[in-house]
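Close look at the chain arrangement
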Amino acid sequence: MVFYMLYFTAELENLTDLQPRGGCDDPSFTYNFKVKCENCGEVSQKATWVTLSESVPLPTGRGTANLVQKCKLCGRDGTIQMVPGHGQPLTLGQSQSGATAGLMVFDCRGFEPVEFSFDDGWKAESTSGTWYDIDLSEGEFVEYDEKGECPVGVTNLQSLFKVVKKQERGGGKTVYA
Ligand SMILES: [Zn+2]
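Residues numbered from 1 in each chain as written. Predicted model: local features only at pLDDT ≥ 70, side-chain atom pairs only at ≥ 80, totals over all residues. Heavy atoms only, no water.

1. Quick notes on the side chain of Thr9
To be explicit about the condition: Here a helix means four or more residues in a row that DSSP labels H or I, a strand means two or more in a row labelled E, and each is numbered from the N terminus. Here's how the labels work: a residue is buried when its accessible area is under 20% of the maximum for its type, exposed when over 50%, partly exposed in between, all with a 1.4 Å probe on protein chains only. N or O atoms closer than or at 3.5 Å make up a polar contact, with two conditions inside protein: a donor-capable atom paired with an acceptor-capable one, and, for residues adjacent in sequence, both atoms drawn from side chains. Contacts between residues were defined by any pair of non-hydrogen atoms, one from each residue, lying within 4.5 Å.
Looking at the element boundaries, Thr9 is found in strand 1 (residues 2-13). The exposure class assigned to Thr9 is buried, which follows from its relative accessible area of 8%. For Thr9, the side chain forms a polar contact with the main-chain oxygen of Ala99, separated by 2.8 Å. Excluding its chain neighbours within four sequence positions, the residues that come into contact with Thr9 are Leu90, Ser95, Ala99, Thr100, Asn156, Leu157 and Gln158.

What follows is the structure, given as structure tokens:
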């Protein structure tokens with residue numbers, strides 16, 4: 001198994017804490033991406049998606065995963081299991097310094113997740129304290145904040161799946177970095 005953390009960043013204008021609408025472990029937030037077969041290197045033509053709230057049985061009949069898929073080229077099964085509890089909202093400070101926020105960990109067998117695509121289902125708080133429902137499926141979000149009398153926006157979206165290691169820290173705490 002290999003763990004991948006989905007890291008993301010964006011240019012935030014008068015907004016902070018960009019995250020899924022129900023928080024970083026929003027059970028219905030949809031992650032869209034393609035998968036690359038570790039066996040033959042084929043990248044799936046169509047994007048696939050996973051949510052924390054949906055699991056399917058493993059081909060072995062024991063246990064479940066959020067995604068079970070067969071490589072179209074070589075026929076090998078791959079599975080992806082999401083690991084909640086390690087996501088962070090993207091703050092204005094991180095955005096300004098070009099830092100990324102880790103959003104979700106994926107425990108992958110047989111597949112490597114690639115090409116995450118931003119979709120609907122996000123939220124962020126403006127500097128005037130107003131929460132906005134944000135749809136990023138068009139690649140950006142631009143609005144005018146009446147209360148703060150300033151523009152608010154999310155542009156220049158970037159994301160990356162990066163291999164992380166599971167590390168046991170003191171006090172029974174597990175981190176992925
Ligand atoms: Zn394959």
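2. A word on the sheet that holds strand 14 (residues 150-164)
Short version of the rule: Two strands qualify as a pair provided DSSP detects at least 2 bridges between them. Axis definition: a line fitted to C-alpha atoms, limited for helices to the stretch in contact. Angles are taken between N-to-C directions and run from 0 to 180 degrees.
Reading across from one edge, 7-8-9-1-14-13 is the order of the six strands in this open sheet, with antiparallel pairing throughout. Here the strands that pair on one side only, and so sit at the sheet edges, are strand 7 (67-70) and strand 13 (141-145). Sheet twist, expressed as the mean angle between neighbouring strand axes with direction ignored, is 25°.

3. As for the sheet that holds strand 4 (residues 48-50)
The strand order across the open sheet built from three strands is 4-3-10, with neighbouring strands paired in antiparallel fashion. A single partner strand is all that each edge strand has here, and the edge strands are strand 4 and strand 10 (111-117). Shown here is a sheet whose adjacent strand axes are inclined to one another by a mean of 50°, direction ignored. As paired strands, strand 3 (residues 31-37) and strand 10 are joined by five bridges and run antiparallel to one another.

4. Things to note about the nonpolar core
Note the following rule: Side-chain atoms within 4.5 Å link the members of a nonpolar core, which is a set of buried Ala, Val, Leu, Ile, Met, Phe, Trp, Tyr and Cys residues.
Residues Leu15, Leu18, Tyr31, Phe106, Trp122, Ile134 and Val154 are the most contacted members of the largest nonpolar core, which totals 38 residues. Counting seven residues, the second-largest nonpolar core is a separate cluster that includes Met5, Val83, Val105 and Val164.

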